Amino acid sequence: MSDDSGETSHSLWGGRFAAKPADLMRRINASIDVDRRLAAEDIAGSRAHAAMLAQTGVIEAADGAAIQEGLNRIEDEIQRGAFLFREELEDIHMNVEARLAELIGPAAGRLHTARSRNDQVALDFRLWTREACGRAAGGLRELQRALLRRAETEADTLMPGFTHLQPAQPVTFGHHLMAYVEMFGRDSGRFEDARSRMNECPLGAAALAGTAFPIDRSMTAKTLGFERPTANSLDSVSARDFALEALSAATICATHLSRLAEELVIWTSPAFGFVKLTDAFTTGSSIMPQKRNPDAAELIRAKVGRILGALTSLTVVMKGLPLAYGKDMQEDKAPTFEAFDDLELSVAAMTGMIDDLQPVRERMAAAAGDGFSTATDMADWLVRALGVPFREAHHLTGRAVARAEALNCGLADLSLAELQSIDSRFNADVYAVLSVAASAASRASYGGTAPSQVRAQIARWKEML
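These numbers come from a predicted model, not from an experiment.

Visitor: Could you give an account of the overall build of the protein chain, naming the residues involved and the relevant values?
Guide: The secondary structure content of the protein chain amounts to 18 helices and 6 strands. The principal-axis extent of the C-alpha atoms belonging to the protein chain is close to 100 × 55 × 40 Å. Taking the intrachain contacts of the protein chain between residues at least 6 apart in sequence as the baseline, contacts between residues at least 24 apart amount to 75%. Summing over all exposed atoms, the protein chain offers an accessible surface of approximately 21200 Å²; the carbon and sulfur share of this is 53%. The distance from the centre of the 50 positive side-chain charges to the centre of the 62 negative ones in the protein chain is 1 Å.

Below, the structure is given as structure tokens:
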């Protein structure tokens, strides 16, 4: 997509080349199948550029008006599906400009004054990525709202909290879901940060050195919703870090989606049975009639590989390029488009699953006490009630766990005599802290799992969203 290679089969090229390129060259050089997605951005950039050229007197007002009318007709053709995209014209820029020439004649040739395809594609891609970041942040907010709705309903629902996928301490399902609200909130913030940082307009940098025409770059930047023009023409056409940053944010977000998807896969398995998904987000088996597979979650879990692959792909493309533009950069858009397509679909599917899932509360509550999950509560009680140093309390509780394990019972099922055989300071008050409900309710520190804290965090996020 640069001004550095081409053919003479149409009037958009200059007279440098006497012969057409080989057919294979044309095929490898063309990008229209990918960058046709930039049609709206390309037309928006051309409108802004034409208006600025007419305003500054670089082109005649009549030519500027003709260009605007022609661009309007092209936009309409594209929206109606009537526009013919031609591979021999290589890219979206040349396709639009060639059609403009057919519609308005020689005035179309004035549109490219004071710009290059290098700053043109930098602008189009930046506009697209900026909006993709905005869409991603918006989708995440919807996912957060779904999680908040579910967390509010399940603020008192007990479940096991895990470390190492082993029962650790009782938590509430609402608290568990709120952890993902926090993660996706940070993801949304990363997209907003990336969007803010890329909000500079490269149009007017031309091929690499700027232009001798008296253009007004601030005017085009404002028209296109940018905060300011980019400050260095070389950087303007050669930078793709805005896309790398967006893909980095997408990769981190995809890992969070993948973690939640993995939990849905685990929770819906018969071995856990914590939640159910309806027919809307599950599939069956071609051979096993009893199966209900959480395929939507599994596919979301897999998408992180494609999105990380896009980040890696563009990083490798960019890592050794000297300034300014290189044709290598034509390979920047396909992975970025695909990554954000995957991300937007995954976020929407996860939102649907959160709304769809049905908690099996009794199964969660029963599992919440597995693995002596209230052992820490016993140790904390020894510290609070008896003044035992925590390390000693930890040791005494460990002995109680070993005894309960030997008797194949829970901590709350140990008799007082059994406890006092471990340490005579135990008394009957200890049993008040050994239920899973009491354990969860006691974790009322800021950000803890106590239902009161969960509801406070839900209220905070409702206000933020």
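Visitor: Got a sec to walk through the environment of Val360? Specific residues and values, please.
Guide: For Val360, the location among the structural elements is in the loop between β6 (358–359) and α13 (361–368). Here Val360 falls in the buried class, since its relative accessible area comes to 15%. Placed 87 residues apart in sequence, Val360 and Gly273 show a C-alpha to C-alpha distance of 7.0 Å.

Visitor: Describe the pattern of salt bridges, with residues and values.
Guide: Summed over all chains, the structure comprises 35 salt bridges. The residue Glu182 makes a salt bridge to Arg460 at a minimum N-O spacing of 2.6 Å. Of this pair, Glu182 sits in helix α7 (residues 173–197) while Arg460 sits in helix α18 (residues 451–464), placing them 278 residues apart in sequence. When its relative accessible area of 30% is taken as the criterion, Arg460 is described as partly exposed.

Visitor: Would you mind going over the nonpolar core in detail, with residue names and values included?
Guide: As a rule of thumb, soluble globular proteins bury nonpolar side chains together. Counting 92 residues, the largest nonpolar core has Leu143, Leu147, Phe191, Leu257, Phe340, Leu343 and Met350 as its most contacted members. No other element matches the 15 residues that helix α10 (residues 241–268) contributes to this core. If we skip the residues at most four places from it in the chain, Leu143 touches Phe184, Leu257, Val347, Met350, Thr351 and Ile354. Grouped together as the second largest cluster of nonpolar side chains are 19 residues, Ala375, Met378, Leu411 and Leu434 included.

Visitor: Got a sec to walk through the environment of Ala108? Specific residues and values, please.
Guide: Assignment of secondary structure puts Ala108 in the loop between α5 (92–104) and α6 (117–153). For the pair Ala108 and Leu244, spaced 136 residues apart in the sequence, the C-alpha separation amounts to 34 Å.

Visitor: I'd love a proper account of the pairing of strand β1 (residues 158–163), names of residues and values included.
Guide: Two faces, one strand: in a regular strand the side chains alternate between the faces of the sheet. Across 6 bridges, the pairing between β1 and strand β2 (residues 166–172) is antiparallel. Its bridge partner being in β2, Leu158 is matched across the sheet by Thr172. Linking β1 to β2, which pair antiparallel, is a turn of 2 residues; within it His164 sits at a positive phi near 60°.

Visitor: Break down the environment of Phe272 for me, with residues and values.
Guide: Among the secondary structure elements, Phe272 is positioned in the loop between α10 and β5 (275–276). By relative accessible area, Phe272 is classed as partly exposed at 21%. In this structure the C-alpha to C-alpha distance between Phe272 and Lys303, which are 31 residues apart in sequence, comes to 24 Å. In contact with Phe272, not counting residues within four places along its chain, are Phe162, Ile266, Trp267 and Arg363.

Procedures and definitions
- Residues numbered from 1 in each chain as written.
- Predicted model: local features only at pLDDT ≥ 70, side-chain atom pairs only at ≥ 80, totals over all residues.
- Heavy atoms only, no water.
- Helix = DSSP H or I, 4+ residues; strand = E, 2+ residues; numbered from the N terminus.
- Contact = heavy atoms within 4.5 Å.
- Areas by Shrake-Rupley, 256 points an atom, 1.4 Å probe, with all protein chains shown as cover.
- Lys, Arg positive; Asp, Glu negative; His and termini not counted.
- Charge placed at Lys NZ, Arg CZ, Asp CG, Glu CD.
- Buried < 20%, exposed > 50% of the residue type's maximum accessible area, 1.4 Å probe, protein only.
- Salt bridge = Lys/Arg side-chain N within 4 Å of Asp/Glu carboxyl O.
- Core = buried A, V, L, I, M, F, W, Y, C linked by side-chain atoms within 4.5 Å.
- Pairing = 2+ DSSP bridges.

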